[in-house]
Amino acid sequence: MDQDTGDAEALNHDERYSTATTVEDFRINLAEVNRRIESAAVRVGRDAAEVELLPVSKTVPQERIRQAVAAGCHKLGENKVQEAFRKSGEMADLDIDWAVIGHLQSNKARDVAKFASEFQALDRLKVAAALDRRLQAAGRSLDVYVQVNTSAEESKFGMPPEELPGFLRELPQFSALKVQGLMTLAIFSSDIARVRTCFQRLRTLRDQAQDTNPELIGRGSLSMGMSGDYEVAIEEGANCVRVGQAIFGKRALPDSYYWPENS
Ligand SMILES: *Cc1c(COP(=O)(O)O)cnc(C)c1O
């Protein structure tokens, strides 16, 4: 099960994810995801109200995003800054909070500071400093999650777990950044046990941070889980699940476009 990119592909381009093209389709998909969130929470004795569903609209065109908003989505996750920024302009007439959930280069910090309400992939001080500078200038603040690499060799994004405590200690100097907790991408695998291990690592890191310096980690929220694994993530303590395809339908672009290290 080591080099199972074929299986991971199947997991991420599952034929179950038919394309939602009406408001009613979105209502049905959202109801189904919410039902599954509820059952996963109940299975482990959690309250589903502790779990935020963040719909991920990357690659989805404006017309269909408008349907999703009509069906009740008011916060949307986007992986790429340019795409998110463009959409926020196109849909400025709607009441949408934009969460940037993908890797950011510090030269794009200015754009994020303009429109995003949340950034989930903070993993370098250089980016933190650039964001803070732009946000201070704009008189804004930004909710952030620190992205941790819980799958070791499998991904180049997110910081190594051992660097997290030192990183958290540096963040208070950037007062426009409001730390909400930790984010991770699990390993791309159909082996649920290995996926679950990634989620458990993130929870352990959060628990350790809360034991040593609770003031450094905000609410200590855990953003983990996507269409293929959000129920497992909830069983392991997720407070935010980032779900794209199970709501919008399968994507035309391969995931390697968003996670170049997997190509
Ligand atoms: C695309 C994406 C998701 C959602 O993936 P789906 O398979 O569509 O649910 C979650 N997190 C990040 C960082 C993403 O880029």
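These numbers come from a predicted model, not from an experiment.

Chemist: Just checking my understanding: could you explain the packing of helix α2 (residues 23-43) against helix α3 (residues 62-70) for this structure?
Modeler: Describing two packed helices takes the angle between their axes plus the distance from one axis to the other. At a minimum axis separation of 8 Å, α2 and α3 run at an interaxial angle of 60 degrees. With respect to α3, the axis of α2 lies oblique. Read as a crossing pair, α2 and α3 show a hand that is right-handed. Each of V23, F26 and R27 in α2 lies in contact with α3, whose residues at this interface are R64, Q67, A68 and A70. A class-by-class count of the residues in the contact of α2 with α3 yields four nonpolar, one polar and two charged.

Chemist: What is the right way to look at the site of the ligand in this model?
Modeler: Taken together, the neighbourhood of the ligand is formed by 14 residues, with K58, N79, S227, G244 and R251 sitting nearest. The contact in question runs from a nitrogen atom of the ligand to an N or O atom on the side chain of R242, over 2.9 Å.

Chemist: Which parts of the structure should I look at to understand the pairing of strand β2 (residues 75-78)?
Modeler: Burial along β2 is two-sided: K75 and G77 facing one way and L76 and E78 facing the other are all buried. In the sheet, β2 pairs with strand β3 (residues 97-100) via four bridges, with the strands oriented parallel. Bridging from a neighbouring strand, K75 pairs with D97 of β3.

Chemist: Is there a simple way to think about the environment of A48 in this case?
Modeler: Looking at the secondary structure, you find A48 in the loop between α2 and β1 (52-55). Separated by 14 residues in the primary sequence, A48 and N34 have C-alpha atoms spaced 8.8 Å apart.

Chemist: Would you mind showing me how to read the packing of aromatic side chains here?
Modeler: Any aromatic ring pair is given by two values, namely how distant the centres are and how the planes are angled relative to each other. Taken as a whole and assessed by the stated rule, the structure comprises two aromatic pairs. Taking 5.3 Å as the distance between ring centres and 70 degrees as the angle between the ring planes, the aromatic pair formed by F26 and F248 counts as edge-to-face. Separated by 222 residues along the polypeptide, F26 in helix α2 and F248 in helix α10 (residues 245-248) bring together distant segments of the chain. With respect to burial, F26 and F248 carry one shared label: buried.

Reading guide: rules and limits
Residues numbered from 1 in each chain as written. Predicted model: local features only at pLDDT ≥ 70, side-chain atom pairs only at ≥ 80, totals over all residues. Heavy atoms only, no water. Axes fitted to C-alpha atoms, helices over the stretch in contact; angles between N-to-C directions. Helix = DSSP H or I, 4+ residues; strand = E, 2+ residues; numbered from the N terminus. Parallel < 35°, antiparallel > 145°, perpendicular 65-115°, else oblique. Left-handed = near helix turned anticlockwise from the far one by under 90°. Contact = heavy atoms within 4.5 Å. Nonpolar A, V, L, I, M, F, W, Y, C, P; charged D, E, K, R; others polar. Near = heavy atom within 4 Å. Polar contact = N/O pair within 3.5 Å; in protein donor to acceptor, adjacent residues only side chain to side chain. Buried < 20%, exposed > 50% of the residue type's maximum accessible area, 1.4 Å probe, protein only. Pairing = 2+ DSSP bridges. Phe/Tyr/Trp six-rings, centres within 6.5 Å; stacked < 30°, edge-to-face > 60°.

Bear in mind that shape data such as this cannot, by itself, settle questions of function.
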